[in-house]
Amino acid sequence: ENASTESKYWQMALSIIIQSEGRVIVAGMGKSGLIGTKIAASLSSLGQPAFSLHPAEAFHGDLCAIYKNDVVLLMSYSGETNEVVNLASILKHDSIRTIALSKNNKTTLAQIVDAHLSIGDIDEADPMQLAPTASTTAMLAMGDALALALAKRRSFTPEDFFKRHPGGSLGYKLRPVTDCLLY
């Protein structure tokens, strides 16, 4: 795929999220789902309400957690994971906006969603070329880039970050000096 096509899909994904009035729900199976949980946390820290949803649990009652104005980010490196593809199909039928991350725009998942972000054909780092390693790292990088691009478009400030992340060393660094004074 050429760079201008990928840029178009990237801009489309950002627009879908920005134009929605809801949350971003991130869904993936296995290692992709674990990476999705971290991406949801990054989105939330940077001002975009988000949470992760297990695709299999969605089929057993948790679909009601998705509202009409939400956006669902679906993750499957192969783009063929049954639970993720089936969830994408149901969401399309229900007119829920969807974005996907998979290896290329030819996957079944890419064909179903509103916007698709290609990770590229990646060789896994393990000697057997089986364990999700390099592909999940690429997904994490793409998810973080999406969160950062959204924060930039929304002019997200350190003060905004502090409101959502007041704890820990990051929150402490952003604390106003007056909060540290004893009266």
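As shown above, the structure is provided for reference.
Our subject in this report is the structure included herewith. In this convention, every chain numbers its residues from 1, walking through the sequence in written order. With the structure being a predicted model, the display of local features is reserved for residues of pLDDT at least 70 and the display and counting of side-chain atom pairs for 80 or more, all residues being used for whole-chain, interface and lining totals. As a rule here, side-chain values come from all non-hydrogen atoms in the structure, and water together with hydrogens is ignored.

What to know about the sheet that holds strand E1 (residues 24-28)
To be explicit about the condition: When DSSP locates at least two bridges between a pair of strands, those strands are taken to pair. Labels follow the DSSP assignment, with helices taken as runs of H or I lasting at least four residues and strands as runs of E lasting at least two, numbered in each case from the N terminus. An axis is simply a line fitted to the C-alpha atoms; with a helix, the fit covers only the stretch in contact. Between two such axes, the angle follows the N-to-C directions and lies from 0 to 180 degrees.
The five strands lie next to each other as E2-E1-E3-E4-E5, forming an open sheet whose pairing is parallel. With partners counted over all chains shown, the strands left at the sheet margins are strand E2 (50-52) and strand E5 (115-118), one partner each. In this sheet, neighbouring strand axes are inclined to one another by 20° on average, regardless of whether the strands run parallel or antiparallel. As paired strands, strand E4 (residues 97-102) and E5 are joined by four bridges and run parallel to one another.

What about the environment of Asn82?
Within the secondary structure, Asn82 is located in helix H4 (residues 82-93). In the structure, Asn82 is positioned 26 residues away from Thr108 in sequence and 9.9 Å away in space, judged by C-alpha atoms.

Focus on the pattern of salt bridges
To keep things clear, this is the line we draw: Each reported salt bridge corresponds to a side-chain nitrogen of Lys or Arg within 4 Å of a carboxyl oxygen of Asp or Glu. Per-residue accessibility, obtained with a 1.4 Å probe over protein chains only, is compared with the maximum for each type, and a residue is labelled buried under 20%, exposed over 50%, and partly exposed between these values.
Considering all chains together, one arrives at three salt bridges under this definition. The closest approach of N and O atoms between Arg23 and Asp70, which form a salt bridge, is 2.5 Å. Here Arg23, found in the loop between helix H1 (3-19) and E1, pairs with Asp70, found in the loop between helix H3 (55-58) and strand E3 (71-75); they are 47 residues apart in sequence, far enough to count as distant. Judged by relative accessible area, Asp70 falls into the buried class, the value being 2%.

Points about the nonpolar core
Nonpolar side chains tend toward joint burial in soluble globular proteins. Let me state the cut-off plainly: Here, nonpolar core refers to any group of buried Ala, Val, Leu, Ile, Met, Phe, Trp, Tyr and Cys residues whose side-chain atoms link them within 4.5 Å. Contacts: residue pairs with any heavy atoms within 4.5 Å of one another.
Counting residues in hydrophobic clusters, the biggest one holds 31 residues, and the most contacted among them are Leu43, Leu73, Met75 and Ile99. Only H1, E1, helix H2 (30-45), E3, E4, E5 and helix H6 (134-153) provide two or more residues apiece to this core. The residues contacting Leu43, other than those within four sequence positions of it, are Val24, Val26, Gln48, Ala50, Ala147 and Leu150. Core analysis: the second largest hydrophobic core is formed by 17 residues, Ala58, Val85, Leu109 and Ile112 among them.

Looking at the packing of H2 against H6
The following threshold applies: Here roughly perpendicular refers to angles of 65 to 115 degrees, roughly parallel to angles under 35, roughly antiparallel to angles over 145, and oblique to all remaining angles. Each crossing gets its hand from how the near helix is turned against the far one by less than a right angle, where anticlockwise is left-handed and clockwise is right-handed. Throughout this entry, Asp, Glu, Lys and Arg are counted as charged residues, while Ala, Val, Leu, Ile, Met, Phe, Trp, Tyr, Cys and Pro are counted as nonpolar. The remaining residues, Gly among them, count as polar.
Running from amino to carboxyl end, H2 crosses H6 at an angle of 20°, the nearest separation of the two axes being 9 Å. Compared by their axis directions, H2 and H6 come out roughly parallel. As H2 packs across H6, the resulting crossing turns out to be right-handed. Here Lys31, Ser32, Ile35, Lys38, Ile39, Ser42 and Leu43 of H2 lie close against H6, whose contacting residues are Thr136, Met139, Leu140, Gly143, Asp144, Ala147 and Leu150. Classifying every residue of the contact of H2 with H6 by side-chain character gives seven nonpolar, four polar and three charged.

Quick look at unusual backbone geometry
The phi dihedral of Ser95 falls on the positive side, at around 60°, and the residue is not glycine. With respect to the element layout, Ser95 can be found in the loop between H4 and E4. Judged by relative accessible area, Ser95 falls into the exposed class, the value being 55%. Backbone geometry places Gln129, a non-glycine residue, at a positive phi of 60°. Tracing the backbone through its elements, the reader meets Gln129 in the loop between E5 and H6. Judged by relative accessible area, Gln129 falls into the partly exposed class, the value being 39%.

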